Amino acid sequence: MTISQVAPPAVAPPPPVPGAPAPPAGRAPVPPVRERRRRMPPPARLAVQATAALVAVLALCLAAVIGAVTVRSDAEQLRDTSAHRAAVAAELRFALADLDAQRANQLVPGHAVDDPEVSVGNRLLALITAQQRRAQVSDLLRQLGGDEAHAAQVRGILDLLGRYDEASGRAAYVDEQHHDRAAGHPPAAAVAFSAEAGDIMHSHLLPKLAALAEDYDAQATMASRTARDAAVRSAVAVGILGLVAVAVLLWWQRDLTRRYRRILNPALVAATAAALGVTLAGVVSFTGAAADLEAGTRDGLRPWSRLAQARAVAADAAATQSRWFVGGAEPQQRAELDALNRRLDGLLAPGGWAAADERPVYADVNERYGHFRTDDRRLVELMAAERVDQAAVVLTDVGRGEVGFDFWDFATTLEVLAQDQLADFHARTDAAHSALDGWPVVPPVVLGIAAALVVVGVRPRLAEYR
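Computed from a prediction, not measured in an experiment: that's the story for all the values here.

With that settled, the discussion passes to the overall build of the protein chain. Helix and strand counts for the protein chain stand at 11 helices and 2 strands. Counted from the first residue to the last, the protein chain has its helices and strands arranged as α-α-β-β-α-α-α-α-α-α-α-α-α. For the protein chain, the proportion of its 466 residues judged to be buried stands at 44%. Summarising the internal contacts of the protein chain: among those between residues at least 6 apart in sequence, 82% fall at separations of at least 24. On the protein chain, roughly 23600 Å² of surface is accessible, and the fraction owed to carbon and sulfur atoms is 60%.

Residues Val 232, Val 236, Ile 240 and Val 244 make up a contiguous nonpolar surface patch of roughly 320 Å² in combined accessible area. Mapped onto the elements of the fold, Val 236 is located in helix α5 (residues 188-260).

A few words now on helix α6 (residues 266-326). Its 61 residues give α6 an end-to-end C-alpha distance of 87 Å, which sits within 8% of 90 Å, the value for a rise of 1.5 Å per residue. Taken as a whole, α6 carries its principal kink of about 35 degrees at Thr 297.

On average, residues of the protein chain score 87 in pLDDT, and 89% of them are at 70 or above. At the level of individual helices and strands, the protein chain shows its lowest average pLDDT in helix α1 (residues 33-38), which scores 50, and its highest in helix α4 (residues 151-176), which scores 94. Here residues 1-7 is modelled with pLDDT under 50, and outside its nearest four sequence neighbours on either side it reaches 1 contact, counting other chains as well.

For the rest of this paragraph, the subject is the packing of aromatic side chains. The final tally for this structure, using the stated rule, is 6 aromatic pairs. Note on Phe 372 and Phe 410: the rings are 6.5 Å apart at their centroids and 15 degrees apart in plane angle, and the pair reads as stacked. A residue pair is termed long-range when its members are at least 10 positions apart, and Phe 372 in helix α8 (residues 359-384) and Phe 410 in helix α10 (residues 403-434) qualify at 38 residues. Both residues of the pair, Phe 372 and Phe 410, count as buried. A ring pair is formed by Phe 407 and Phe 410, whose centres lie 6.3 Å apart and whose planes are at 70 degrees; its orientation type is edge-to-face.

What follows covers the nonpolar core. The biggest cluster of nonpolar side chains holds 119 residues, and the ones touching the most others in it are Leu 96, Trp 252, Phe 325, Phe 407 and Phe 410. It is helix α2 (residues 42-105) that provides the largest number of residues to this core, a total of 24 residues.

Before going further, it helps to spend a moment on α4. For α4, spanning 26 residues, the distance from its first C-alpha to its last is 37 Å, which sits close to the expected 38 Å at 1.5 Å a residue. Where α4 is concerned, the buried positions are Val 154, Ile 157, Leu 160, Leu 161, Tyr 164, Ala 167, Ser 168, Ala 171, Ala 172, Val 174 and Asp 175. Tucked inside the fold, the buried residues of α4 contact α2, α3 (123-144), α5 and α6.

Now for the environment of Asp 74. With respect to the element layout, Asp 74 can be found in helix α2. Residue class for Asp 74 comes out buried when judged on its relative accessible area of 18%. Distance in space between the C-alpha atoms of Asp 74 and Arg 228 is 8.7 Å, their sequence separation being 154 residues. Residue contacts for Asp 74: discarding those within four places in its chain leaves Thr 226, Ala 227 and Ala 230.

It is worth spelling out the packing of α8 against helix α9 (residues 388-396) at this point. A pair of packed helices is captured by two measures, namely the crossing angle of their axes and the spacing between those axes. At a minimum axis separation of 8 Å, α8 and α9 run at an interaxial angle of 160 degrees. Here α8 lies roughly antiparallel to α9, going by the angle between them. At the point where α8 passes α9, the crossing takes the left-handed sense. In this structure, α8 uses Asp 375, Arg 378, Leu 379, Leu 382 and Met 383 to contact α9, whose residues at the interface are Gln 390, Ala 391, Val 394 and Leu 395.

Time to look at the layout of surface pockets. Estimates place the volume of the largest pocket at around 500 Å³. Secondary structure elements with two or more residues in the lining of the largest pocket: α2, α3, α6, α9 and α10. Here the element with the most residues in the lining of the largest pocket is α10; it accounts for 8 residues. Across the lining of the largest pocket, the residue classes tally to 12 nonpolar, 10 polar and 4 charged.

Throughout the structure, instances matching the rule amount to 26 salt bridges. Linking Arg 133 and Asp 98 is a salt bridge whose minimum nitrogen-to-oxygen distance equals 2.8 Å. Here Arg 133 is found in helix α3, whereas its partner Asp 98 is found in helix α2, with 35 residues between them in sequence. Assigned by exposure class, Arg 133 and Asp 98 land together as buried. Its salt-bridge partner being Asp 364, residue Arg 368 comes within 3.1 Å of it at the nearest N-O pair. Pair noted here: Arg 368 and Asp 364 are both in helix α8, with a separation of 4 residues, about one helical turn. Exposure remark for Arg 368: the relative accessible area of 23% places this residue in the partly exposed category. One network of salt bridges, in which partners are shared, links Asp 364, Arg 368, Arg 400, Asp 406 and Asp 409.

Quick notes on the rules
Residues numbered from 1 in each chain as written. Predicted model: local features only at pLDDT ≥ 70, side-chain atom pairs only at ≥ 80, totals over all residues. Heavy atoms only, no water. Helix = DSSP H or I, 4+ residues; strand = E, 2+ residues; numbered from the N terminus. Buried < 20%, exposed > 50% of the residue type's maximum accessible area, 1.4 Å probe, protein only. Contact = heavy atoms within 4.5 Å. Areas by Shrake-Rupley, 256 points an atom, 1.4 Å probe, with all protein chains shown as cover. Patch = residues over 30% accessible without salt bridge, like charges linked within 9 Å, V, L, I, M, F, W, Y side chains within 5 Å. Salt bridge = Lys/Arg side-chain N within 4 Å of Asp/Glu carboxyl O. Expected span 1.5 Å × (residues − 1). Bend = angle between axes of the 7 residues up to and from the residue. pLDDT = per-residue confidence, 0-100. Phe/Tyr/Trp six-rings, centres within 6.5 Å; stacked < 30°, edge-to-face > 60°. Core = buried A, V, L, I, M, F, W, Y, C linked by side-chain atoms within 4.5 Å. Axes fitted to C-alpha atoms, helices over the stretch in contact; angles between N-to-C directions. Parallel < 35°, antiparallel > 145°, perpendicular 65-115°, else oblique. Left-handed = near helix turned anticlockwise from the far one by under 90°. 1 Å grid on protein atoms, 1.4 Å probe; cavity = no way out; pocket = protein on both sides within 12 Å on 5 of 7 lines; lining within 4 Å. Points joined across faces, edges and corners; volume = space filled by probe spheres on them. Nonpolar A, V, L, I, M, F, W, Y, C, P; charged D, E, K, R; others polar.

Rendered as structure tokens:
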């Protein structure tokens, strides 16, 4: 007997599993599910792995691009629309209140009580300043005209401004008909028209404008919060999706190393590095943008809003002071002025937001505000002593120790401090915007290269099965 004629030994089939159904007659037994998965053809396995890597890279790319576009858009909206309108409304409040002070001051000058040949007070300064403020008011209202959401409020302000101009114009016209009057004693009709104008300004116009300014402040704060939250969400999304993409690529690299006995796939190494680079840069950039937006609101926008409000209240106090003088030093207007001064004391106090290097500036502003308060007390004393000529000089002339100069000095210093706070806010917002420069373009380019490297890395392995 030859070797080829020897029959192979019979192999006994494996014993049946207790409780398992017997296979149908004439069919081979079906392998378990886990065994079927292990037997996935290598080309199919490579295709699934490549698809998973491409999906992870694409998700990371979308998160980076969408986040960058959203945060940059929100930052631009905050800087160019919300904060800009808040600044315009704040400046409009100051301009209107100062306009009213100058319109009232026009009724103060005249000749000395004892000598009709001697002029007392400075009418020219009030006329020039009032003209400048009125032009400024028109320009500021024009800037707010494009806001459709507050169009009704702006129209209401325009209507009231027209009524105010009419009443104050009548007061000036009546006063001009009496060239020979004494200082501080305008005609009764002029005083009546001036009181009507003051009531329109302080009871209707300024409150409406204050409400509008508060709306814009709230809008700016909300826009800042929205932009910051978008930056935080984008940082989280890019971080998580980036880690997922890197994990998928590393897992695939390990699987290829184990199955094909190759240490590294250079294309996948480069793709992993690209995904990791975009992830780290995205988290750092979005986190930095969120921090800049938060700091800009905390250290810039909120202090500026408080100082802008203080500036408007100061102008309102100056206007009330002038109205008090023109109206004959009525106690009711003095009570209103005292209330405004107390409010101003609180607004000018540096709070916890003021940095150490800013506190000397606040102290300087309060010192200049003290000069204005000293002039006001002097004015009260002169009116109580019926020394109207000297009181008219203190109210309208420009010199140290007089309201005209000391209020200008105080208001200008306060404006500089407020503008510094607003500039800090703009700088922080610009930094948040600049932190994402190039981001709508760079991530697609880098991750597009990573996706191409994924394809390049899997092609040689697929070619082995052709």
